[in-house]
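# Architecture at a glance
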Amino acid sequence: MEIAGVSRDAAPPGLGPGRRGPFRYTLDNPRLSFEQRKFYENNGYLVLRKLVDEGFLDECARRFVDLSEGRAPRGGMVLMRDVSLAKQGAAAGERLYNKLQDFVWDEVLSRYLLAPELLDVVECFTGPNIMAVHTMLINKPPDSGRLTSRHPLHQDLHYFPFRPADRIVAAWTAMEDTREDNGCLFAVPGSHRAGRLYQHDYPDWEGGVNKAFHGVRGFGDFPKKMLTMEKGDTVFFHPLLLHGSGANLTNGFRKAISGHFAASECHYIDVRGTVQEGVAKEVEEMGAMRNMRISFQDAWRIRSRCVRGRESTLSLEPDLRPPPAPALRSRY
């Protein structure tokens, strides 16, 4: 597999010293080479080329369109709208919705989370017992001209009330070629090694900001690596890595499917009095709007699923679990 990006021996200035010696962020596993592990340790991300079958990604794209246009039942999944497109009132379906969340039990999209070729790599970061803790299909419609299709620089750990961070990893697969002009991901290589979760707020953007698109400030001078990818390429990255994405300035779409995975043995934490207290309140308020009065931690418990190995401390109590998923019709 090709290793994409640039290697750094030290973290960016001000983000903490580089770590040398034994591997910290990856586990002993023959799936990744020594050089791949070293790259992830130094940079906080790793791109593997053509990891996911393109035919399956086309099926996922059709499923998203069917869901966004009301031809398939959403169940417990959540579709989110682009704020500026919603205000204009003209867009609908695929041209309005920028994100589908919580597809962990969907009969089509959940096959992404169960694919052995994906989980074999995930296991190098989490260990053998794996929970899928967050799922998204991200759709960037053509930007309205207000640049609301951007995603500010952020860290994914901001949203997660469980630890340790080093046993959490994101997998993000390009469903079509992603370039700078259609809003590819960008990252600050090595930023995960600061070991710090920063304060996140809504950015002060003239065109508005999509719901829960929080970001950190003060990192404009740090070098950003543009993660241009081809269809089927997958990037794995640490939850403390600073990253974001640009606006889609084309007339086409930029879709990606992603899952966050954590070791089943991770544990929940109390975020009161921490930099995560604000996002916890927002998540609980969003749940209340859907008649779900639950805690921040329980909001994550109900959207998680064991996808390999055994369940442990991240799992739901048996009486709170959703019904079994329908039989999977998969090539995996």
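Residues numbered from 1 in each chain as written. Predicted model: local features only at pLDDT ≥ 70, side-chain atom pairs only at ≥ 80, totals over all residues. Heavy atoms only, no water.

- In the annotation of an unreviewed UniProt entry, the protein is listed under the name phytanoyl-CoA dioxygenase and assigned to Frankliniella fusca.
- In its Pathway (unreviewed entry) section, the UniProt record describing the protein reads: "Lipid metabolism; fatty acid metabolism."
- Annotation of the protein in UniProt includes, under Sequence similarities (unreviewed entry), the sentence "Belongs to the PhyH family." (UniProt positions renumbered as here; feature names shortened; annotations may be inferred.)

## Section: the sheet that holds strand 5 (residues 151-154)
- Spatial ordering of the open sheet is given by 5-11-8-9, a layout of 4 strands whose pairing is antiparallel. Looking along the sheet, the strands with just one partner apiece sit at the ends: strand 5 and strand 9 (225-227). Averaged over all pairs of adjacent strands, the angle between strand axes in this sheet comes to 20°, irrespective of strand direction.
- In terms of strand pairing, strand 8 (residues 185-187) meets strand 11 (residues 243-245) through 3 bridges, oriented antiparallel. Within the sheet, the bridge partner assigned to Ala187 lies in strand 11 and is His243. (Pairing = 2+ DSSP bridges. Helix = DSSP H or I, 4+ residues; strand = E, 2+ residues; numbered from the N terminus. Axes fitted to C-alpha atoms, helices over the stretch in contact; angles between N-to-C directions.)

## Some words on the packing of aromatic side chains
- All told, the structure shown has 8 aromatic pairs when counted by the stated rule.
- Centroid distance Tyr40 to Phe125: 4.5 Å. Interplanar angle 50°. Geometry classified as tilted. Separated by 85 residues along the polypeptide, Tyr40 in helix 1 (residues 34-43) and Phe125 in helix 5 (residues 116-126) bring together distant segments of the chain.
- Take Phe125: its relative accessible area is 0%, and that puts it in the buried class.
- Three or more aromatic residues joined by ring pairs make a cluster, and in this case those are Phe160, Phe162, Tyr268 and Trp300.
- The cationic tip of Arg301 hangs over the ring face of Tyr268; the distance from NZ or CZ to the ring centre is 4.1 Å.
- Against the face of Trp300 rests Arg303, its NZ or CZ located 4.3 Å from the ring centre. (Phe/Tyr/Trp six-rings, centres within 6.5 Å; stacked < 30°, edge-to-face > 60°. Buried < 20%, exposed > 50% of the residue type's maximum accessible area, 1.4 Å probe, protein only. Lys NZ or Arg CZ within 6 Å of the ring centre and 35° of its normal.)

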